[in-house]
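Chain residues, written in single-letter form:
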Amino acid sequence: MSSSTTESHKIRMAQGAATEDNPTNVVALVEEIEARVDGLPVRNAPLLRSLRREYSQHVAASPPGEIVKIAALLIARGRVPRFIGDELIASRPDALATLNLTQVERLGSGISSWDQVDCFACYLSGPAWREGHIEDKAIVRWAMSKDRWWRRAALVSTVPLNVKARGGRGDARRTLRICTLLIDDRDEMIVKALSWALRALIERDGTAVRQFLKENEARLPALVRREVQNKLTTGRKSPTSSHRKVRA
């Protein structure tokens, strides 16, 4: 396929035109979801997630590849919050299991805020990495990216390796490798993600985290040292924090 043909294909996808990758039924369903989102009285997370659950049930019998196409087109068109596409795939383990690196990076293309990154990494890239659909070298490449959001994605992708509620079984080696690559990064979004990655690992291997803190005390940002030490000693990142969910 020539470069001009490839670019034309991408434009047709974003516009929603039917293509070999996105047949008419996929485009029609995506347009229906977009219309339903536009019709919501308020576009808040509870209503959007309720709508996403409704459509997850609607496509429950669809092949896994079709789920990926629906999610990818929703994300490419950009007319609804990206997490709807992320969650459509995450709610179907068989669809998640079909993802390869090219598809994952396409689904993450354009991530540009902490919430977009965190949904992408917790729902898609992290589980795909954990289950062997993405190789370590891809996450390492993200960690070395000039794009702050892909660097954050590398760190947040370690969270599903370790958090039991997200299917984590524990992986100190891979988690600490990515943390080490980004230990000197002082971008606020990276510092906060580094703290989150280490705090998530505590659930599985507190000893490894303590050793990491000891060996890297001089290099770790003060916020990371404080939050991770608090988590180790009190079980919470801040002694005064409430149980209300906040940005990591």
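Data block above holds the structure.
Residues numbered from 1 in each chain as written. Predicted model: local features only at pLDDT ≥ 70, side-chain atom pairs only at ≥ 80, totals over all residues. Heavy atoms only, no water.

### Re the overall build of the chain
Here is step 1 of the chain: Helices and strands together make up the secondary structure of the chain, namely 14 helices and 0 strands.
Here is step 2 of the chain: Each of the 248 residues in the chain was classed as buried or not, and the buried ones make up 49%.
Here is step 3 of the chain: About 12300 Å² of surface is accessible on the chain, with carbon and sulfur atoms providing 51% of the total. (Helix = DSSP H or I, 4+ residues; strand = E, 2+ residues; numbered from the N terminus. Buried < 20%, exposed > 50% of the residue type's maximum accessible area, 1.4 Å probe, protein only. Areas by Shrake-Rupley, 256 points an atom, 1.4 Å probe, with all protein chains shown as cover.)

### Side note on the packing of aromatic side chains
Here is step 1 of the chain: Applying the stated criterion across every chain yields a total of 3 aromatic pairs.
Here is step 2 of the chain: The interplanar angle of 40 degrees and the centroid separation of 6.0 Å between the aromatic rings of Phe120 and Trp142 together place this pair among those described as tilted. Highlighted residues: Phe120 in helix 8 (residues 114-130) and Trp142 in helix 9 (residues 136-143), separated in sequence by 22 residues. In terms of burial, Phe120 and Trp142 fall into one category: buried.
Here is step 3 of the chain: The positively charged end of Arg49 is found above the aromatic ring belonging to Phe83, 4.5 Å away from the centroid. (Phe/Tyr/Trp six-rings, centres within 6.5 Å; stacked < 30°, edge-to-face > 60°. Lys NZ or Arg CZ within 6 Å of the ring centre and 35° of its normal.)

### Side note on the environment of Leu201
Here is step 1 of the chain: Counting through the fold element by element, Leu201 comes out in helix 13 (residues 188-215).
Here is step 2 of the chain: Its relative accessible area of 0% is what places Leu201 among the buried residues.
Here is step 3 of the chain: Separated by 25 residues in the primary sequence, Leu201 and Leu176 have C-alpha atoms spaced 8.9 Å apart.
Here is step 4 of the chain: Leave out the neighbours within four places in its chain, and Leu201 touches Asn162, Asp171, Ala172, Thr175, Leu176, Gly206 and Val209. (Contact = heavy atoms within 4.5 Å.)

### What to know about the pattern of salt bridges
Here is step 1 of the chain: Applying the stated criterion across every chain yields a total of 21 salt bridges.
Here is step 2 of the chain: For the salt bridge of Arg43 with Asp38, the shortest nitrogen-to-oxygen distance reads 3.9 Å.
Here is step 3 of the chain: Taking relative accessible area as the criterion, Arg43 reaches 43% and is therefore assigned partly exposed.
Here is step 4 of the chain: Taken together, the shared-partner salt bridges connect Asp136, Asp171, Arg173 and Arg174 into one network. (Salt bridge = Lys/Arg side-chain N within 4 Å of Asp/Glu carboxyl O.)

### A short note on the environment of Leu88
Here is step 1 of the chain: With respect to the helices and strands, the residue Leu88 is situated in helix 5 (residues 82-90).
Here is step 2 of the chain: Since its relative accessible area comes to 5%, Leu88 is described here as buried.
Here is step 3 of the chain: In sequence terms Leu88 and Tyr123 are 35 residues apart; their C-alpha atoms lie 9.6 Å from each other.
Here is step 4 of the chain: Those residues in contact with Leu88, other than ones at most four positions away along the chain, are Arg52, Tyr55, Ser56, Ile67, Ile70 and Leu74.

### Some points on helix 10 (residues 148-156)
Here is step 1 of the chain: Within helix 10, 8 of the 9 residues are buried, which leaves the element mostly enclosed by the surrounding structure.
Here is step 2 of the chain: Along helix 10, the positions that sit buried rather than exposed are Trp149, Trp150, Arg151, Arg152, Ala153, Ala154, Leu155 and Val156.
Here is step 3 of the chain: Looking at where helix 10 begins, the residue whose side-chain oxygen comes 2.8 Å from the main-chain nitrogen of Trp149 is Asp147. (Polar contact = N/O pair within 3.5 Å; in protein donor to acceptor, adjacent residues only side chain to side chain.)

### Here we look at the nonpolar core
Here is step 1 of the chain: Counting residues in each nonpolar core, the largest one holds 78 residues, and the members touching the most others are Ile70, Ile89, Trp142, Leu155 and Leu198.
Here is step 2 of the chain: Dropping the residues within four chain positions of it, Ile89 is found in contact with Ile67, Val68, Ala71, Ala95, Leu96, Leu99, Leu107 and Leu124. (Core = buried A, V, L, I, M, F, W, Y, C linked by side-chain atoms within 4.5 Å.)

### Side note on the packing of helix 3 (residues 45-58) against helix 5
Here is step 1 of the chain: Orientation of helix 3 relative to helix 5, taken along the N-to-C sense of each, is 40 degrees, at an axis distance of 10 Å. The two elements helix 3 and helix 5 meet at a crossing, and its hand is right-handed. On the side of helix 3, the interface is formed by Leu48, Arg49, Arg52, Tyr55 and Ser56, while helix 5 contributes Phe83, Ile84, Glu87 and Leu88.
Here is step 2 of the chain: Of the residues contributing to the contact of helix 3 with helix 5, the split by class is 5 nonpolar, 1 polar and 3 charged. (Axes fitted to C-alpha atoms, helices over the stretch in contact; angles between N-to-C directions. Left-handed = near helix turned anticlockwise from the far one by under 90°. Nonpolar A, V, L, I, M, F, W, Y, C, P; charged D, E, K, R; others polar.)

### Quick look at the packing of helix 12 (residues 172-181) against helix 13
Here is step 1 of the chain: Two numbers describe how helix 12 lies on helix 13: the axes approach to 10 Å, and their chain directions differ by 125 degrees. When the axis of helix 12 is compared with that of helix 13, the two are oblique. In this structure, helix 12 crosses over helix 13, and the sense of that crossing is left-handed. Counting all contacts with helix 12, which are made through Ala172, Thr175, Leu176, Cys179 and Thr180, the residues of helix 13 involved are Leu194, Ala197, Leu198, Leu201, Asp205, Ala208 and Phe212.
Here is step 2 of the chain: Looking at the contact of helix 12 with helix 13, its residues break down into 9 nonpolar, 2 polar and 1 charged. (Parallel < 35°, antiparallel > 145°, perpendicular 65-115°, else oblique.)

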